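Below, each chain spelled out in residue letters.
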Amino acid sequence: MKKILLMNGPNLNMLGVREPDVYGRETLASIEAEVVEYGAQKGVQVDCFQSNHEGALIDKLHEAHEAYDGVVYNPGAHTHYSYALRDAVGSIDTPVVEVHLSDIDAREAFRAVSVIEPACIAQIKGKGKQGYKEGIDALLAWERERGSAAGEGAR
């Protein structure tokens, strides 16, 4: 795995301002910088993208199909209702890990449902910014397991 897209959906550009008791006081820019550095330590280039617009996120996922080896994706509120984004994740061969800063299961009932999760290889929630790093680790582990399984099949 050489290139990972770190993608964030609506309202995540307001981190540090928006509900700091839920999401913390760090900005998205500071979290992205830390995740980019973490990726570099793992030998992976991490590119960051955030949009409040569903179509822009769909376009970026379509681009990821050929431009990235994996995606770490916090869909924000789209998690709970965007079948268009779920279909975009499902339409690409690129593995996607869904990440949430808060524990969506421990919040309002409507937040516990993710329409995106079934199209992803993993979901990480409630670990704050650490969840993004774990998303990178999950993609790297997925790649190792896939490579290992392919090697066993060749024997």
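Overview of the structure. Predicted, not measured: the structure shown is a model, and the values here were computed from it.

In this fold, Ala64 is placed in helix α3 (residues 54-67). Remark: the alpha-carbon pair of Ala64 and Val115, spanning 51 residues in sequence, is separated by 20 Å. If sequence neighbours within four positions are ignored, Ala64 has contacts with Leu5, Val71 and Thr94.

Attention now goes to the packing of aromatic side chains. Within the structure shown, the criterion is met by zero aromatic pairs. The ring of Tyr68 carries Lys3 above its face, with NZ or CZ at 5.0 Å from the centroid.

Take the packing of α3 against helix α4 (residues 83-90) next. Where α3 contacts α4, the two axes come as close as 9 Å, and the packing angle between them is 5°. Classed by the angle they form, the pair α3 and α4 counts as roughly parallel. On α4, the residues touching Glu54, Leu57, Ile58, Leu61 and His62 of α3 are Ala84, Leu85, Ala88 and Val89. Split into classes, the residues belonging to the contact of α3 with α4 amount to seven nonpolar, one polar and one charged.

Another point: the sheet that holds strand β3 (residues 70-74). Pairing within the open sheet is parallel, and its five strands lie in the order β2-β1-β3-β4-β5. Looking at strand neighbours, the two that pair on one side only are β2 (45-50) and β5 (122-125), the edges of this open sheet. Going from strand to strand, the sheet's axes swing by 20° on average, the running direction of each strand aside. The pairing of strand β4 (residues 96-100) with β5 spans four bridges and is parallel. Considered in β5, the bridge of Glu98 is made with Gln123.

With that settled, the discussion passes to the nonpolar core. Among the nonpolar cores identified, the biggest contains 19 residues, and Ile4, Val35, Val46, Val72, Tyr132 and Ile136 are the most heavily contacted of them. Every element with two or more residues in this core is listed here: β1 (3-8), α2 (28-41), β4 and α5 (130-153). Filtering out sequence-adjacent residues up to four positions away, Ile4 remains in contact with Val44, Gln45, Val46, Asp47, Tyr68, Gly70, Val72, Ile136 and Leu139. Counting residues in each nonpolar core, the second largest holds 17 residues, with Leu61, Tyr73, Ile92 and Val96 among its members.

The subject of this paragraph is the pattern of salt bridges. Going through the model one piece at a time under the given rule, you end up with eight salt bridges. Ionic pairing is found between Glu63 and Lys60, a salt bridge with its closest N-O pair at 3.2 Å. With Glu63 and Lys60 both in helix α3, this residue pair falls three residues apart, about one helical turn. Residue Glu63 is classed as partly exposed on the basis of its relative accessible area of 39%. Here Arg86 ties to Asp87 by a salt bridge, and the two come within 4.0 Å at their closest N and O atoms. Salt bridges sharing common partners tie together Glu26, Glu34, Lys129 and Lys133.

Let us look at unusual backbone geometry. Its identity is not glycine, yet Asn11 carries a phi of approximately 75°, on the positive side. The topology assignment puts Asn11 in the loop between β1 and α1 (20-23).

Conventions we followed
Residues numbered from 1 in each chain as written. Predicted model: local features only at pLDDT ≥ 70, side-chain atom pairs only at ≥ 80, totals over all residues. Heavy atoms only, no water. Helix = DSSP H or I, 4+ residues; strand = E, 2+ residues; numbered from the N terminus. Contact = heavy atoms within 4.5 Å. Phe/Tyr/Trp six-rings, centres within 6.5 Å; stacked < 30°, edge-to-face > 60°. Lys NZ or Arg CZ within 6 Å of the ring centre and 35° of its normal. Axes fitted to C-alpha atoms, helices over the stretch in contact; angles between N-to-C directions. Parallel < 35°, antiparallel > 145°, perpendicular 65-115°, else oblique. Nonpolar A, V, L, I, M, F, W, Y, C, P; charged D, E, K, R; others polar. Pairing = 2+ DSSP bridges. Core = buried A, V, L, I, M, F, W, Y, C linked by side-chain atoms within 4.5 Å. Buried < 20%, exposed > 50% of the residue type's maximum accessible area, 1.4 Å probe, protein only. Salt bridge = Lys/Arg side-chain N within 4 Å of Asp/Glu carboxyl O.

So far we have only geometry, and geometry alone does not tell us how the molecule works.
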